[in-house]
Amino acid sequence: MSRNLLLIILFFSVKLAQGQDTTYLDKELLKVNSKSEAHFYEIVTPDAIDTSRSTETVYYISGQISSKKSYVKQDQKKLDGKFQEWYKNGRLHTDIDYSDGKINGKRLSYWEDGTPKRIDTFENDSLIEGKCFNPDGVETAYYEYEKMPEFPGGLDELVRYLSKEIKYPNKARKNSVQGLVMVRFIVNKDGSVSDIKIVKSVDERLDSEAVRVVQNMPHWDPGTQDGESVRVVFNLPIRFKLK
């Protein structure tokens, strides 16, 4: 190999390394500060020609690939191209065709042994035809791909629960402290709530009251993805307002 060719290869290798951005993630795919806290890590690679495009690849901390997404506008998280996910055993789990942020083409999923689980056909984000299969490959009744967790009775019941359970802290009331507290928590597979965190604080007393009412919530109807219960990160705004 000539010296000039070697220098060119080294130059492009350095540029590629500089163009990648690595982020460590916890088990809910939320950002953490160090590798020791992480269950996954994410590498974002900008397109070498079109700077508006990028590829986002998530790996298990072991180095096994977990997911891969192609974006046409990284800042807007607009999917364009393949969105794929893998099981820990390396088999393909999900394969979805996107175009300018919309599903266009196939949405496929597979059981862990590689047997087809779902074959959906989309046009401009609209489902044209869908089929679901059991682990033996037999077609079953069709079910929705994704469902968010829901408070028992729905949104109206959640509002009623908060209105009934929130006790305005006396000191905050006397000092006319009010505002919007944003609480982040996880709705687990069994509908229980855990990992409660304040992500937008107003006042220590209001924050504590928001955490208390979330801790005391009844079990939610859990979220599902492709027919299976999943843990879902949920952000709940709680407004404290004096009358």
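Residues numbered from 1 in each chain as written. Predicted model: local features only at pLDDT ≥ 70, side-chain atom pairs only at ≥ 80, totals over all residues. Heavy atoms only, no water.

Sorry, what's going on with the overall build of the chain here?
What the chain contains, in helices and strands, is 4 helices and 16 strands. Taking 243 residues into account, the globule formula puts the C-alpha radius of gyration at 18 Å, and the chain, at 23 Å, lies well above it. For the C-alpha atoms alone, the extent of the chain along its principal axes is close to 80 × 50 × 35 Å. Taking all 243 residues of the chain together, 35% fall into the buried category. For the chain, the proportion of contacts with a sequence separation of at least 24, taken over those separated by at least 6, is 39%. (Helix = DSSP H or I, 4+ residues; strand = E, 2+ residues; numbered from the N terminus. Rg over C-alpha atoms; globule rule 2.2 N^0.38 Å. Buried < 20%, exposed > 50% of the residue type's maximum accessible area, 1.4 Å probe, protein only. Contact = heavy atoms within 4.5 Å.)

Explain the sheet that holds strand β11 (residues 146–147) here, please?
Picture the strands of a sheet paired through backbone hydrogen bonds; they go either parallel or antiparallel. If you walk across this open sheet you meet the 3 strands as β11-β14-β15, and the pairing is antiparallel. The sheet is open, and its two borders are formed by β11 and β15 (228–230), each paired with just one other strand. When strand β14 (residues 223–225) meets β15, the two strands line up antiparallel, connected through 3 bridges. Its bridge partner being in β15, G223 is matched across the sheet by V230. (Pairing = 2+ DSSP bridges.)

What is the right way to read the layout of surface pockets from this model?
Over the atoms rolls a probe the size of a water molecule, and its path tells where empty space is left. What the largest pocket holds in volume is close to 1,600 Å³. Forming the boundary of the largest pocket are 40 residues, of which L29, E85, Q225, V230 and R231 lie nearest the centre. Residues belonging to the lining of the largest pocket are distributed by class as follows: 17 nonpolar, 6 polar and 17 charged. Of the voids in this model, the second largest pocket is the one considered here, and its volume is about 350 Å³. As for the second largest pocket, its lining consists of 16 residues, of which L162, S163, I166, R239 and F240 are closest to the centre. (1 Å grid on protein atoms, 1.4 Å probe; cavity = no way out; pocket = protein on both sides within 12 Å on 5 of 7 lines; lining within 4 Å. Points joined across faces, edges and corners; volume = space filled by probe spheres on them. Nonpolar A, V, L, I, M, F, W, Y, C, P; charged D, E, K, R; others polar.)

What is the right way to read the packing of helix α2 (residues 155–165) against helix α4 (residues 204–215) from this model?
Packed helices, taken two at a time, are described by their axes: the angle between them and the distance between them. Interhelical geometry of α2 versus α4 gives an angle of 125 degrees and a closest axis separation of 11 Å. Here α2 lies oblique to α4, going by the angle between them. Read as a crossing pair, α2 and α4 show a hand that is right-handed. Contacts between α2 and α4 involve Y161, L162 and E165 from the first element and E209, R212 and V213 from the second. (Axes fitted to C-alpha atoms, helices over the stretch in contact; angles between N-to-C directions. Parallel < 35°, antiparallel > 145°, perpendicular 65-115°, else oblique. Left-handed = near helix turned anticlockwise from the far one by under 90°.)

Sorry, what's going on with the pairing of strand β12 (residues 179–187) here?
The two faces of a sheet get side chains in turn, since along a regular strand they alternate between them. Pairing of β12 with strand β16 (residues 232–240) involves 9 bridges; the strand directions are antiparallel. Across the sheet, V181 pairs through a bridge with I238, a residue of β16. Examined bridge by bridge, β12 and strand β13 (residues 193–200) share 5 bridges and lie antiparallel to one another. The residue of β13 that forms the bridge with V183 is I198. Here β12 folds back onto β13, and the loop between the two strands holds 5 residues, one of which, G191, carries a positive phi near 90 degrees.

Whenever I open this one, the sheet that holds β12 confuses me. Can you help?
The 3 strands lie next to each other as β13-β12-β16, forming an open sheet whose pairing is antiparallel. The open sheet is flanked by β13 and β16, the only strands paired with a single partner. Pairs of neighbouring strands in the sheet enclose a mean axial angle of 25 degrees, with direction left out of account.

Explain the nonpolar core to me, please; I cannot follow it from the model alone.
If you look at soluble globular proteins, the nonpolar side chains tend to sit buried side by side. Of all hydrophobic cores here, the largest spans 21 residues; its most connected members are L162, F185, V214, M217, W220, L236 and I238. Once residues within four sequence positions are removed from consideration, M217 is found in contact with F151, L158, Y161, L162 and L236. If you look at the next biggest cluster of nonpolar residues, it comprises 8 residues, including L79, Y98, I103 and Y145. (Core = buried A, V, L, I, M, F, W, Y, C linked by side-chain atoms within 4.5 Å.)

What is the right way to look at α4 in this model?
The periodicity of an α-helix, 3.6 residues per turn, causes residues three or four places apart in sequence to face the same way. Compared with an ideal rise of 1.5 Å per residue, which puts 12 residues at 16 Å, α4 spans 16 Å between its outermost C-alpha atoms and is within 8% of the ideal. Of all the positions in α4, only L206, D207, E209, A210, V211, V213 and V214 are classed as buried. Packing partners of the buried residues in α4 comprise α2, α3 (170–174), β12, β13 and β16. If you check the start of α4, you find a side-chain oxygen 2.9 Å away from the backbone N of R205, and it comes from D203. (Expected span 1.5 Å × (residues − 1). Polar contact = N/O pair within 3.5 Å; in protein donor to acceptor, adjacent residues only side chain to side chain.)

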